[in-house]
Amino acid sequence: MRHRFHSLCPYFAMFPESFAEQWIEKLSKPGDVVLDPFSGRGTTPFQALLSGREAIGNDINPVAFCLTRAKTSAPNESALRQRITFLENRFVAKQWNAEAATLPRFFAYAYAPRTLRQLLFLRKNLGWRRSEVDCMLAGLVLGSLHGESNKSPSYLSNQMPRTISTKPEYSVRFWIERGFEAPERDVFELLRKHLSFRYESDPPAMKGVTFESDFRNLPIHLKGRDKAPKLVVTSPPYLDTTNFEEDQWLRLWFLGGAPNPTYRTISKDDRHDNPDSYWRLIGDLWRVLGQVLATFARRHSYGRQEANTQRDCFRFNRQWLFFRS
Ligand SMILES: C[S@@+](CC[C@H](N)C(=O)[O-])C[C@H]1O[C@@H](n2cnc3c(N)ncnc32)[C@H](O)[C@@H]1O
């Protein structure tokens, strides 16, 4: 069975776990450290743990950080259930009326009144940066925050795509023109349902390490660690493809951000639209990896000819790195 944490939350431009698994198994040994400096939904570090490797994830986007950490530092199910009950017992819908009234009109069309108040309550009360339990609960909410609610009871919002958050005014027009209404959903009940489903798979025995940082800071974060990474499996932002900050605006709002799309307040590397600046980013990446990888990071254990035929494999400074092209 596919591990049920893999699909915790979709992420635009994500790669399939089979890609990460294939290269981790081929190019590292159990106990090696595997790094992804742009971890997105956390597939590489999570798969590394499942394969018995140590895992380090990093991403500048809080959504990616939360998902990577939730998967690679998963608490046990009973702690999560206790926390849901604790939070549910403290939720009083009318205490959130004033805050709901200050939100842009998008929110009143996107969520049923009680659902919106539950989201506001959880947004304030989940300490997802400091607690592994709250991080997993926030990750579960992120995975349900928007999606095709006409087809699945797992989504909290009026109809939206599940990969990206559509722009607020476009969404409102879309719903009004079609007469679509926000579904009545109980967030606490949904969280319990998701937990039962996700925890059909046991969390990995080991935990990983996750940073919320510009990849250029990795040499500082990794300094002094016992073991340096031996393998990197990653996909950097693509040239002129997507703007992770804008496309994740609703999930970023739930994690404490603005109630509208923002641009380049989190990542200056979002959506490079000219090749020169993009190659500067890739140049920075090579330089940083040269600093953090173990010397002779992963000499290929199979034929050189075979490695050279892989389009998505680059040899750099005697180290092997994998990108998805
Ligand atoms: C193509 S996505 C990675 C997707 C990932 N492989 C997956 O399967 O989910 C690129 C990631 O790079 C992150 N990113 C962009 N600029 C960054 C920076 N300067 N430092 C660290 N992460 C950055 C984005 O937030 C985004 O999550």
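Quantities reported herein were computed from a predicted structural model and do not represent experimental measurements. (Residues numbered from 1 in each chain as written. Predicted model: local features only at pLDDT ≥ 70, side-chain atom pairs only at ≥ 80, totals over all residues. Heavy atoms only, no water.)

**Q** What is the right way to look at the side chain of serine 267 in this model?
**A** In this structure, serine 267 sits in the loop between α13 (249–254) and α14 (275–292). What makes serine 267 buried here is its relative accessible area of 6%. Polar side-chain contacts of serine 267 include one of 3.0 Å to the backbone nitrogen of aspartate 269. Residue contacts for serine 267: discarding those within four places in its chain leaves Ile60 and Glu245. (Helix = DSSP H or I, 4+ residues; strand = E, 2+ residues; numbered from the N terminus. Buried < 20%, exposed > 50% of the residue type's maximum accessible area, 1.4 Å probe, protein only. Polar contact = N/O pair within 3.5 Å; in protein donor to acceptor, adjacent residues only side chain to side chain. Contact = heavy atoms within 4.5 Å.)

**Q** Would you mind showing me how to read empty space enclosed by the protein here?
**A** Empty space left among the atoms is revealed by rolling a probe the size of a water molecule over them. Per the counting criterion, the structure on display carries one cavity of 30 Å³ or more. What the largest cavity holds in volume is close to 370 Å³. Phe38, Gly40, Asp59, Ser235 and Phe244 are the residues nearest the centre of the largest cavity, which is lined by 30 residues in total. Looking at the lining of the largest cavity, the elements that each hand over two or more residues are α2 (43–50), β2 (54–59) and α12 (244–247). A breakdown of the residues in the lining of the largest cavity according to their chemical character gives 13 nonpolar, 10 polar and seven charged. (1 Å grid on protein atoms, 1.4 Å probe; cavity = no way out; pocket = protein on both sides within 12 Å on 5 of 7 lines; lining within 4 Å. Points joined across faces, edges and corners; volume = space filled by probe spheres on them. Nonpolar A, V, L, I, M, F, W, Y, C, P; charged D, E, K, R; others polar.)

**Q** Help me understand unusual backbone geometry in this model?
**A** Most peptide bonds adopt trans geometry, and most residues besides glycine take a negative phi value. The backbone phi angle of alanine 13 is positive, close to 70°, even though this residue is not glycine. Tracing the backbone through its elements, the reader meets alanine 13 in the segment before α1 (17–27).

**Q** Would you mind going over the nonpolar core with me for this structure?
**A** One broad rule of soluble globular proteins: the nonpolar side chains tend to lie buried together. Leu122 and Phe254 are the most contacted members of the largest nonpolar core, which has 56 residues in total. Secondary-structure elements contributing two or more residues to this core are α3 (62–72), α4 (77–90), α6 (106–110), α7 (113–125), α8 (132–144), α9 (168–178), α10 (187–198) and α13. The element that contributes the greatest number of residues to this core is α8, accounting for eight residues. The residue makeup of this core includes at least three contributed by each of domain 1 (11–74 + 208–325) and domain 2 (80–202). Ignoring any residue separated from it by four or fewer positions in sequence, one finds phenylalanine 254 in contact with Leu119, Leu122, Arg123, Leu126, Ala138, Val141, Leu142 and Leu145. Of all hydrophobic cores here, the second largest spans 17 residues; its members include Leu35, Ile56, Leu281 and Val292. (Core = buried A, V, L, I, M, F, W, Y, C linked by side-chain atoms within 4.5 Å. Domains from an automatic or database assignment.)

**Q** Please clarify how the pairing of β2 should be interpreted in this entry.
**A** The two faces of a sheet get side chains in turn, since along a regular strand they alternate between them. In terms of burial, β2 is largely enclosed, as five of its six residues are buried. Where strand β1 (residues 33–36) lies against β2, four bridges are found, and the strand directions are parallel. Residue pairing in the sheet places valine 34 in a bridge with alanine 55 of β2. In this region the chain leaves β1, passes through α2 and returns to the parallel neighbour β2; the handedness of that crossover is right-handed. Summarising the sheet, β2 and strand β3 (residues 209–212) pair through four bridges and their orientation is parallel. Bridging from a neighbouring strand, asparagine 58 pairs with phenylalanine 211 of β3. (Pairing = 2+ DSSP bridges. Right-handed = clockwise from strand over helix to strand, strands pointing away.)

**Q** What exactly am I supposed to notice about the site of the ligand here?
**A** The ligand sits among 25 residues. The nearest are Tyr11, Phe15, Asp59, Ser235 and Asp269. Here a nitrogen atom of the ligand and a backbone polar atom of isoleucine 60 are 3.3 Å apart. Between aspartate 269 and the ligand, the recorded distance is 2.6 Å, taken from a side-chain N or O atom to a nitrogen atom. Contact with the protein chains removes 100% of the 600 Å² of surface that the ligand exposes when unbound. The cavity that encloses the ligand is the largest cavity. In terms of residue class, the shell around the ligand is made up of 12 nonpolar, eight polar and five charged. (Near = heavy atom within 4 Å. Areas by Shrake-Rupley, 256 points an atom, 1.4 Å probe, with all protein chains shown as cover. Sits in = over half its atoms within 2 Å of the grid points.)

**Q** Can you walk me through the domain arrangement of the protein in this structure?
**A** Often, the extent of an interface is quoted as the loss of accessible area on bringing the components together. Domain assignment breaks the protein into domain 1 (11–74 + 208–325) and domain 2 (80–202). Per-residue buried area on domain 1 facing domain 2 is highest for Arg251, Trp253 and Phe254; these three make up 30% of the total on that side. Our count for the contact surface shared by domain 1 and domain 2 stands at two salt bridges. Here glutamate 212 and arginine 129 are joined by a salt bridge, their closest N and O atoms 2.7 Å apart. Run the count over domain 1 and domain 2 and you get 12 residue pairs in polar contact (both at pLDDT 80 or more). Of all the elements in the fold, those that place two or more residues in the side of domain 1 that touches domain 2 are α3, α12 and α13. The dominant element in the side of domain 1 that touches domain 2, judged by the number of residues it contributes, is α3, at seven residues. Classifying every residue of the side of domain 1 that touches domain 2 by side-chain character gives 16 nonpolar, four polar and five charged. (Buried area = accessible area lost by both parts, 1.4 Å probe. Salt bridge = Lys/Arg side-chain N within 4 Å of Asp/Glu carboxyl O.)

**Q** Explain the pattern of salt bridges to me, please; I cannot follow it from the model alone.
**A** In a structure, side chains of opposite charge can pair up when their charged atoms sit close to one another. Evaluated as defined, the whole model comprises 20 salt bridges. Its salt-bridge partner being aspartate 134, residue arginine 83 comes within 2.7 Å of it at the nearest N-O pair. Residue arginine 83 is found in helix α4, and its partner aspartate 134 is found in helix α8; the two are separated by 51 residues along the sequence. The pair arginine 83 / aspartate 134 is uniform in exposure class, with both members buried. For arginine 123, the salt bridge identified is with glutamate 99, shortest N-O distance 3.9 Å. On the criterion of sequence distance, the pair formed by arginine 123 in helix α7 and glutamate 99 in helix α5 (residues 97–102) is long-range, its members being 24 residues apart.

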